[in-house]
Amino acid sequence: MNLRDAHQIRDAVNSGEITAKEVAAMALRRIEEANRKLGAFITCDSEKVLERSGEIDRKVKNGRLPLAGVPVAVKDNICTRNLRTTCGSRILENYVPPYNATVIERLEEAGAVIIGKANCDEFAMGSSTENSAFHPTRNPYDLDRVSGGSSGGSAVAVAAEMAPLALGSETGGSVRQPASFCNVVGLKPSYGRVSRYGLVAFASSLDCISPIARNPRDVALLLTYIAGRDRRDSTSVPLPVPDYFAEMSKPVRGMRLGIPREFFGEGLDPEVKSIIETGIRNTESLGCELVEISLPHTKYAIADYYIIAPAEASSNLARYDGVKYGFRVPDPADLQDMYRRTRSMGFGAEVKRRIMIGTYALSSGYYEAYYGRAMRVRTLIKQDYDRAFEKVDALLSPVSPTPAFRLGEKMSDPLAMYLSDIYTVTANLAGIPSLSVPCGFTKGGLPVGLQMLANQFEEGTLLRLADAYARACPVDAPPLKI
Ligand code: GLN
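Residues numbered from 1 in each chain as written. Predicted model: local features only at pLDDT ≥ 70, side-chain atom pairs only at ≥ 80, totals over all residues. Heavy atoms only, no water.

*Asks:* For this particular structure, what's the right way to read the environment of Arg261?
*Replies:* Structurally, Arg261 can be placed in the loop between strand S9 (256-260) and helix H9 (270-285). By relative accessible area, Arg261 is classed as partly exposed at 47%. When the C-alpha positions of Arg261 and Glu292 are compared, they lie 6.8 Å apart, and in sequence the two are 31 residues distant. If we ignore the near neighbours within four places in the chain, the residues touching Arg261 are Glu292, Ile293 and Ser294. (Helix = DSSP H or I, 4+ residues; strand = E, 2+ residues; numbered from the N terminus. Buried < 20%, exposed > 50% of the residue type's maximum accessible area, 1.4 Å probe, protein only. Contact = heavy atoms within 4.5 Å.)

Printed below as a string of structure tokens:
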């Protein structure tokens, strides 16, 4: 037994071939062995994990569970009751939530075991996991390179076989990009498909809890148990959750796939481009028809996202004031001094930058010029996609213009870091589902993911295409450096 396949583990635990406790012990051993070098986890409470898996072993005696004993790594911005949830920030370093996020409740009911809290950029702001206040997460294919981010810990936990499943979150590419950098599958669902209750807010109109696994079928399994309406999140949609496995059993032959011209322009690394082009040709041999498409407002996407996301963040992060929870500076002179020094010491540089950009964009006299205009551009970006999906079933593109970059390479240049989100943020702005599926490796041994995008609530279409693709074109991965 290994920790690669959630279906296999679930079946083995249900049939009594292995116990949930044995699976958990295996995952804990692997974390113990690999985490020191990779930095994928912030918190891992082995006692709790073993206790919890023992509970599952007692439960499966009375009947099968859909995620029996399956270890799940959880990004550290998703609240877990009695288990520290830091958001990768000093300001929440000792925060222990008194409640579970809806997704955690649902996963535990299905028999999953939360194996640990995965590292991330502080408050999910970043594209490399270097903005974590604790340590960066390294790429298991090259320890000098980033894992991607902000859900780098979650992607690496799956890539380095510490857990077969992980939850990340997306506001602007934070699951697809690390999935692409680490050779795993990451799906950002449609906005509203999964409850945000218990996900620490970054930009509420964009945030999405998103599943990660080694293959599309396991992503479908995880999505099945986290998706659906939740009365505690009024933005979760009251639509039934489709049977993703039935969707995946339908043929892909005859599907029409759009290639958005704007996703292949300046800045795209030639090696990434050629790997993606091969991936696109592969879909043709699966019987799909390719159509060239234009998404003309893509050029405004980075500017648009980096107004809207910081604006919402500046408002959401106002709650970390040292009064209600989290870090508070000792011996303040007065209330103002307490606020000022708590926030100065508690937040890292990138979070402060976002709060400043966002506060400026929302300030009186500038609101219309920045936030108001950005929201109108967001509509134009959404309309580009509406038009595209009148013609095609899905779109194909790169996830990121480059493979995993070196640690430190973009840390002194925030704009360069922001620009690496160019192909991912439009899906978030439009609210549509999108995934990254392994596509190939560069000559230097770095993974490259292929991005697939579909219309709102068409996760089934995406999973069908990704599953057919992953089966027909398995990627031959070099050994991990760990
Ligand atoms: N890299 C983007 C940012 O820094 C996206 C982050 C995310 O999706 N959480 O905002």
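*Asks:* What is the right way to look at the pattern of salt bridges in this model?
*Replies:* Side-chain pairing between opposite charges can occur once the charged atoms of the two side chains come close. For the structure on display, the rule yields 26 salt bridges. Residue Lys250 is joined to Glu247 by a salt bridge in which the shortest nitrogen-to-oxygen separation is 3.7 Å. Lys250 gets classed as partly exposed once you look at its relative accessible area, which sits at 42%. Two residues, Arg256 and Glu289, come together in a salt bridge whose shortest N-O distance is 3.0 Å. Pair noted here: Arg256 is in strand S9 and Glu289 is in strand S10 (residues 289-293), with a separation of 33 residues, a long-range link. Residues participating in the shared-partner salt-bridge network are Arg52, Glu55 and Glu108. (Salt bridge = Lys/Arg side-chain N within 4 Å of Asp/Glu carboxyl O.)

*Asks:* Could you clarify how one ought to interpret the sheet that holds strand S7 (residues 185-188) in this entry?
*Replies:* Strands in a sheet are paired, the pairing made by backbone hydrogen bonds, and the direction either parallel or antiparallel. Across the sheet, 11 strands lie side by side as S1-S3-S2-S6-S8-S7-S12-S13-S11-S9-S10; this open sheet has mixed pairing. With one partner strand each, in any of the chains shown, strand S1 (41-43) and S10 form the two edges of the open sheet. Each neighbouring strand pair of the sheet contributes to a mean axis angle of 35 degrees, computed without reference to strand direction. With 5 bridges connecting them, S9 and S10 associate as parallel partners. Bridge pairing in S10 links Gly258 to Val291. (Pairing = 2+ DSSP bridges. Axes fitted to C-alpha atoms, helices over the stretch in contact; angles between N-to-C directions.)

*Asks:* Which parts of the structure should I look at to understand the packing of aromatic side chains?
*Replies:* Aromatic ring pairs are reported here in terms of the distance separating the ring centres and the angle at which the planes meet. On inspection of all chains with the given rule, the structure shows 16 aromatic pairs. By the ring-pair criterion, three or more aromatic residues cluster together here, those being Tyr95, Phe123, Tyr320, Tyr325 and Phe347. Sitting over the face of the ring of Phe134, Arg84 holds its NZ or CZ atom 6.0 Å from the ring centroid. One cation-aromatic arrangement involves Lys410 over Phe405; the distance from NZ or CZ to the ring centre is 4.9 Å. (Phe/Tyr/Trp six-rings, centres within 6.5 Å; stacked < 30°, edge-to-face > 60°. Lys NZ or Arg CZ within 6 Å of the ring centre and 35° of its normal.)

*Asks:* I would appreciate a short explanation of unusual backbone geometry in the present structure.
*Replies:* Excluding glycine, most residues fall at negative phi; most peptide bonds, likewise, are trans. With an omega of 10 degrees, the peptide bond running from Gly149 to Ser150 counts as cis. Positive phi values are uncommon outside glycine, yet Cys87 reaches one of about 60 degrees. Counting through the fold element by element, Cys87 comes out in the loop between strand S2 (71-75) and helix H4 (102-109).

Interpretation in functional terms is not warranted from these geometric data alone.
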